Amino acid sequence: MFTATLIAAGRLTPSIVAAANDALAAAGCVPTTLAWIDEGDAADLNFELAPADARAALEGAFEGVDVVIQPRDGRRKMLLVADMDSTMITVECIDELADYGGLKPQIAAITESAMRGELDFEAALDARVALLKGLDAGVIDDCLRDRVTLMPGACTLVRTMRGWGATAVLVSGGFTRFAEPVAAEIGFDRAIANVLKFDGGALSGTVAKPIVGAATKKATLLDYRADLGLADGATLAVGDGANDLAMIEIAGLGVAYRAKPVVAAAAGARIEHGDLTALLWAQGVPKGEWVE
């Protein structure tokens, strides 16, 4: 048995739900039952066959509606591994940091190419950090205070999952000086990120090795899954960039969140319209159980 969850906060109508159910039937998926998770926000459509056909029939079929298709059982995950930049926060920290040195357009272009999978992530990070050499270390705190904003729904997602006993790990290709306070504010159990090096009171232009990239993200999910004794399906990974693909592809529910095209195409689920609370509805959790 499988479930297709339709998510469109405040915009999901009975007619959309009915049309989706009809689309499942037409695709040969054998729909069985449907029910609201939260009326007007999210609904579950259960069906028996052909999840790939269901995804093809439903994704993009209804304007402003996200669709998550997965096995019906085991939807509440016990491990969350999440990216930070443009996933748990609204910005790319290195781009915002570069703005203090007048280098944002140059560095942001490299960031965009790396996140689209057009450049090797590790080499691209080294190149961007090298451009920051000599930047006053004090601007990191300024950047954290003035530029870094949590993604809507981040705290609710993490705190609700931890409330039922799940473990939450933030794994970022960014820097510990941002990831650690962000993780603490949201409620993660742990943050893993790259360590900037300094020369006196300025950035040295280098980062500690090994670099936290795609391999680290994948290994983190695998290691925590093993340590916690979890089944493959009990894990959730979410990110937006090419360096998140390795963990997204092995998670029980791998989510591309407002992601680059290469990630959206490969992920098991895509969230394009909703905020991060969509991942609670995807797990079948109604608002009455959310930890705000």
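What counts, and where the lines are drawn
- Residues numbered from 1 in each chain as written.
- Predicted model: local features only at pLDDT ≥ 70, side-chain atom pairs only at ≥ 80, totals over all residues.
- Heavy atoms only, no water.
- Core = buried A, V, L, I, M, F, W, Y, C linked by side-chain atoms within 4.5 Å.
- Buried < 20%, exposed > 50% of the residue type's maximum accessible area, 1.4 Å probe, protein only.
- Contact = heavy atoms within 4.5 Å.
- Helix = DSSP H or I, 4+ residues; strand = E, 2+ residues; numbered from the N terminus.
- Arc of directions from axis to C-beta.
- Polar contact = N/O pair within 3.5 Å; in protein donor to acceptor, adjacent residues only side chain to side chain.
- 1 Å grid on protein atoms, 1.4 Å probe; cavity = no way out; pocket = protein on both sides within 12 Å on 5 of 7 lines; lining within 4 Å.
- Points joined across faces, edges and corners; volume = space filled by probe spheres on them.
- Nonpolar A, V, L, I, M, F, W, Y, C, P; charged D, E, K, R; others polar.
- Pairing = 2+ DSSP bridges.
- Right-handed = clockwise from strand over helix to strand, strands pointing away.

**Concerning the nonpolar core**
Soluble globular proteins: nonpolar side chains tend toward being buried together. Counting 65 residues, the largest nonpolar core has Leu80, Met88, Leu97, Phe178 and Phe188 as its most contacted members. For Phe188, the residues in contact, after removing those within four places along its chain, are Leu80, Ala82, Met88, Val158, Arg162, Ala168, Val169, Leu170 and Ala183. With 19 residues, the next largest nonpolar core counts Ala4, Val17, Leu24 and Ala54 among its residues.

**Here we look at helix H5 (residues 121-131)**
Every buried residue belonging to H5 is among Phe121, Ala124, Leu125, Arg128 and Val129, and all of these are buried. Each buried residue of H5 lies within a common arc of 130° when the element is viewed along its axis, so the set occupies one face. Residues of H5 that are buried in the fold lie against helix H3 (93-99), helix H4 (104-115), strand S6 (167-175), strand S7 (190-194), strand S8 (196-199) and strand S9 (202-207). Measuring from the side-chain oxygen of the N-cap residue of H5 to the backbone nitrogen of Glu122 gives 3.3 Å; that N-cap residue is Asp120.

**A word on the environment of Thr277**
Counting through the fold element by element, Thr277 comes out in the loop between strand S12 (269-271) and helix H12 (278-282). Classification of Thr277 by relative accessible area gives buried; the value is 8%. Excluding residues within four positions of it along the chain, Thr277 makes contact with Gly153, Thr156 and Trp290. Side chain to side chain, Thr277 and Asp275 meet in a polar contact 2.4 Å long.

**Digging into unusual backbone geometry**
The omega torsion of the bond from Lys209 to Pro210 falls at 0°, within 30 degrees of zero and hence cis. With phi around 65°, Ser86 is a residue other than glycine that occupies positive phi space. Its place among the elements puts Ser86 in the loop between strand S5 (79-82) and H3. Of note, Arg258 is a non-glycine position whose phi angle comes to about 45°, a positive value. Note that Arg258 resides in the loop between strand S11 (253-257) and helix H11 (261-266). When its relative accessible area of 39% is taken as the criterion, Arg258 is described as partly exposed.

**Quick word on empty space enclosed by the protein**
Across all of its chains, the model carries one cavity of 30 Å³ or more by this definition. Quantified by volume, the largest cavity comes out at close to 130 Å³. In terms of lining, the largest cavity is formed by 15 residues, of which the most central are Asp85, Glu92, Phe121, Gly173 and Gly174. Of all elements in the fold, only H4, H5 and S6 reach the threshold of two or more residues within the lining of the largest cavity. Residue composition of the lining of the largest cavity, grouped by class: five nonpolar, four polar and six charged.

**Considering the layout of surface pockets**
The probe, sized like a water molecule, is rolled over the atoms to show the empty space still left. The space that makes up the largest pocket amounts to roughly 200 Å³. What lines the largest pocket is a set of 13 residues, among which Phe2, Ile69, Gln70, Pro71 and Gly252 lie closest to the centre. Those elements giving two or more residues to the lining of the largest pocket turn out to be helix H2 (51-58) and strand S4 (66-71). By residue class, the composition of the lining of the largest pocket is five nonpolar, five polar and three charged.

**Side note on the pairing of S11**
The buried fraction of S11 is high, at five of five residues. Alternating positions in S11 separate into two faces, Leu253, Val255 and Tyr257 on one and Gly254 and Ala256 on the other, with burial throughout. Summarising the sheet, strand S10 (residues 235-239) and S11 pair through four bridges and their orientation is parallel. Bridge pairing in S11 places Gly239 opposite Ala256. The β-α-β motif built from S10, the intervening helix H10 (residues 245-250) and the parallel element S11 has right-handed crossover chirality. In terms of strand pairing, S11 meets S12 through three bridges, oriented parallel. Bridge pairing in S12 links Tyr257 to Ile271. Once you follow S11 into H11 and on to S12, the crossover reads as right-handed.

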